[in-house]
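Topology and contacts: notes
Each chain, letter by letter, is given below.
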Amino acid sequence: MNISNNAVVQFHYSLSDESGELESSKGSSPLLYMHGQQQMLPKLEAALEGKTAGDTLELTLAPEDAYGEVKANAIQDIQVKYLHGAKKWQPGMKAWVQTEEGQRQVTVVKVGMFKAQIDVNHPLAGKTLTFKVEVLNVRPASSEEIAHGHAHGEGGHQH
């Protein structure tokens, strides 16, 4: 089966930038997603269209096609109590904050007793990224997966 709208795709990937590999799913469970549901970067999803189990793909994305350019106005003040992920904060640490759109990862820029300055740029903003993908399996989505808008099972969403 070829990857197309509402196909459930299981894959391994590695992600690197100019400095080397940033992360990889090798050595852990493969990832699972439902194609056409805007669950990944649009250019990466478009490059996977038509691929089948056993295919590999290497794709380099410019910042504007990945996580965007670094925005200079993305520094915000927040109360320390809203930072999640550690008890004691230092500049450069990654934290999670709850937003109207769900959890978001931020970088602590400066921290005081009650307030912190955070950078809300995506941690990969401004980077040219290379994805290496190995497609392991492609199957039709179940009616339940289509209704929920995401893949179920190992590597996907668990209810």
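Criteria and cut-off values
- Residues numbered from 1 in each chain as written.
- Predicted model: local features only at pLDDT ≥ 70, side-chain atom pairs only at ≥ 80, totals over all residues.
- Heavy atoms only, no water.
- UniProt positions renumbered as here; feature names shortened; annotations may be inferred.
- Helix = DSSP H or I, 4+ residues; strand = E, 2+ residues; numbered from the N terminus.
- Buried < 20%, exposed > 50% of the residue type's maximum accessible area, 1.4 Å probe, protein only.
- Contact = heavy atoms within 4.5 Å.
- Core = buried A, V, L, I, M, F, W, Y, C linked by side-chain atoms within 4.5 Å.
- Salt bridge = Lys/Arg side-chain N within 4 Å of Asp/Glu carboxyl O.
- Pairing = 2+ DSSP bridges.
- Domains from an automatic or database assignment.
- Axes fitted to C-alpha atoms, helices over the stretch in contact; angles between N-to-C directions.

Moving on to the UniProt feature "domain: PPIase FKBP-type" (unreviewed entry) in the protein chain. The positions that UniProt labels "domain: PPIase FKBP-type" (unreviewed entry) are, in the present scheme, residues 6-69. The span residues 6-69 is 11% helical and 41% strand by assignment, and the distance between its end C-alpha atoms comes to 30 Å.

Mapped onto the elements of the fold, histidine 84 is located in the loop between strand E5 (75-79) and strand E6 (94-99). Residue histidine 84 is classed as partly exposed on the basis of its relative accessible area of 40%. In the structure, histidine 84 is positioned 21 residues away from glutamine 105 in sequence and 9.4 Å away in space, judged by C-alpha atoms. The contact partners of histidine 84, leaving out residues within four places of it in the chain, are Trp89, Ala95 and Trp96.

Time to look at the nonpolar core. Within the largest apolar cluster, 21 residues are counted, with the highest numbers of intra-cluster contacts made by Ile3, Phe11, Tyr33, Leu44, Leu48, Phe131 and Val133. For this core, the secondary structure elements donating two or more residues are strand E1 (7-17), helix H1 (42-48), strand E4 (56-61) and strand E9 (129-140). Those residues within four positions of leucine 48 in sequence are excluded, and the remaining contacts are Ile3, Tyr33, His35, Met40, Leu57, Val133 and Val135.

Time to look at the pattern of salt bridges. Side chains bearing opposite charge may pair, as long as their charged atoms lie close to each other. One pass over the structure, following the stated rule, counts 4 salt bridges. With its nearest N and O atoms 3.3 Å apart, the salt bridge here joins lysine 127 to aspartate 17. Of the two residues, lysine 127 sits in the loop between strand E8 (115-119) and E9 while aspartate 17 sits in strand E1, which places them 110 residues apart along the sequence. Its relative accessible area of 27% is what places lysine 127 among the partly exposed residues. Here lysine 43 and aspartate 65 are joined by a salt bridge, their closest N and O atoms 3.9 Å apart. Placement of the pair is lysine 43 in helix H1 and aspartate 65 in the loop between E4 and E5, with a sequence separation of 22 residues. By relative accessible area, which is 45% here, lysine 43 ends up partly exposed. Assessed through its relative accessible area of 26%, aspartate 65 is described here as partly exposed.

Bringing the pairing of strand E2 (residues 20-24) into the picture now. Bridging between E1 and E2 involves 4 bridges; their strand directions are antiparallel. Note that in E2 the partner of serine 14 across the bridge is serine 24. Counting the residues between successive antiparallel strands, the hairpin from E1 to E2 contains 2 residues.

This brings us to the domain arrangement of the protein chain. Taken domain by domain, the protein chain holds domain 1 (2-67 + 125-148) and domain 2 (75-119). Here the C-alpha centroids of domain 1 and domain 2 sit 29 Å apart.

This paragraph deals with the sheet that holds E5. Spatially, 4 strands are ordered E5-E8-E7-E6 in an open sheet, and the strand pairing comes out antiparallel. Bordering the open sheet on either side are E5 and E6, each of which pairs with just one other strand. For this sheet the average axis-to-axis angle between neighbouring strands, irrespective of direction, equals 50°.

This paragraph deals with the environment of methionine 93. If you trace the backbone, methionine 93 turns up in the loop between E5 and E6. Taking the C-alpha atoms as reference points, methionine 93 and valine 109, separated by 16 residues in sequence, lie 8.1 Å from one another. When neighbours within four sequence positions are excluded, methionine 93 is seen to be in contact with Ala86, Lys88, Val106, Thr107 and Val108.

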